[in-house]
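Here is how the chains run, residue by residue.
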Amino acid sequence: MKELSTSRGLLKFIFFNIITISIYGIVILTKIANEVNLIVSPYDKRHTMHFCLLLFIISPITLGIGALVWWNNICGRIGNELYRRGSSVSLSAGTYWGWSVLGVLLFGIGPYIFLYKFFKASNALNKLYNEEQLPAESEA
C-alpha cells in the first residue's frame, strides 16, 4: 500500500496553483477526494464525488450550488473520521461555511484560513491512516 501524502500546505498550494494556472489545485483536490473515499468509505458507506466531475460538469449546471454541497460533505466526512479516530485536529462543515463562505467578509482572508485548516485536517487523517497501515505491511 502506498503511503498517503501528509505534506500538503496552504503556501505550497497557492504557489503551485499560480504557477500551473490552477491545474495543481485540481489535481490536489482530486487526490484528497480519492483519499477520503479510500479511508472513510468503509466506515460511513458514502462516496465523495470526483473533483473534476464536480468542477467541469456539476458545478456549472447547478450554478455553483454543487460545489457548496461538495465542500460541505467532504469537510463533514473528514471531520467525522478524525473524531472517530480520536484526533485532536478537527474539521466540520461549519468550518467551511464559517471560514470559506462568511470569512470572505474578513477582508477576503477567510477562505485562506479555511484552506489551511482543510489541508491540516487532510494531512492528519492521512497520517493516521498511514500509521494504521504500516504494521500490517511490516508483518507481511
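Report on the accompanying structure. As the structure is a computational prediction, the values presented were derived from the model and not from experiment.

Here's the deal with a nonpolar patch on the surface
Here is step 1: Among the surface-exposed residues, Ile65, Leu68, Val69, Trp97, Val101, Leu102 and Leu105 lie close enough to one another that they form a single nonpolar patch of about 650 Å² accessible area.
Here is step 2: Contributing elements (two or more residues each) for the nonpolar patch: helix H4 (65–84) and helix H5 (93–101).
Here is step 3: Looking at the nonpolar patch element by element, the count peaks at three residues for H4.
Here is step 4: Structurally, Ile65 can be placed in helix H4.

Comments concerning the pattern of salt bridges
Here is step 1: Considering all chains together, one arrives at five salt bridges under this definition.
Here is step 2: A salt bridge links Glu35 to Arg8; its shortest N-O distance comes to 2.8 Å. Taken together, the positions of Glu35 in helix H2 (residues 23–44) and Arg8 in the segment before helix H1 (10–19) put the pair 27 residues apart, joining distant regions of the chain. Summarising the burial analysis for this pair, Glu35 and Arg8 share the class buried.
Here is step 3: As a salt-bridge pair, Asp44 and Arg77 come within 2.8 Å of each other at their nearest N and O atoms. Of this pair, Asp44 sits in helix H2 while Arg77 sits in helix H4; the two residues are 33 residues apart in sequence, bridging distant segments of the chain.
Here is step 4: Of the residues examined, Asp44 reaches a relative accessible area of 26% and is grouped as partly exposed.
Here is step 5: A single network of salt bridges, built from pairs that share partners, joins Glu81, Arg84, Arg85 and Glu132.

Brief notes about H1
Here is step 1: By the burial criterion, the buried members of H1 are Leu10, Phe13 and Asn17. Down the axis of H1, the buried set is contained in an arc of 60°. They therefore lie on one face. Away from its buried face, by an angle of more than 90 degrees, H1 presents the exposed residues Leu11, Ile18 and Ile19.
Here is step 2: Positive phi appears at Ile21, one or two residues downstream of H1, with a value of about 55°.

What to know about the side chain of Glu81
Here is step 1: The residue Glu81 is located in helix H4 in this model.
Here is step 2: Judged by its relative accessible area of 3%, Glu81 is buried.
Here is step 3: Contacts of Glu81, omitting those with residues within four sequence positions, involve Ile39, Val40, Tyr43 and Leu125.

Here is what the cut-offs are and how they apply
- Residues numbered from 1 in each chain as written.
- Predicted model: local features only at pLDDT ≥ 70, side-chain atom pairs only at ≥ 80, totals over all residues.
- Heavy atoms only, no water.
- Patch = residues over 30% accessible without salt bridge, like charges linked within 9 Å, V, L, I, M, F, W, Y side chains within 5 Å.
- Areas by Shrake-Rupley, 256 points an atom, 1.4 Å probe, with all protein chains shown as cover.
- Salt bridge = Lys/Arg side-chain N within 4 Å of Asp/Glu carboxyl O.
- Helix = DSSP H or I, 4+ residues; strand = E, 2+ residues; numbered from the N terminus.
- Buried < 20%, exposed > 50% of the residue type's maximum accessible area, 1.4 Å probe, protein only.
- Arc of directions from axis to C-beta.
- Contact = heavy atoms within 4.5 Å.

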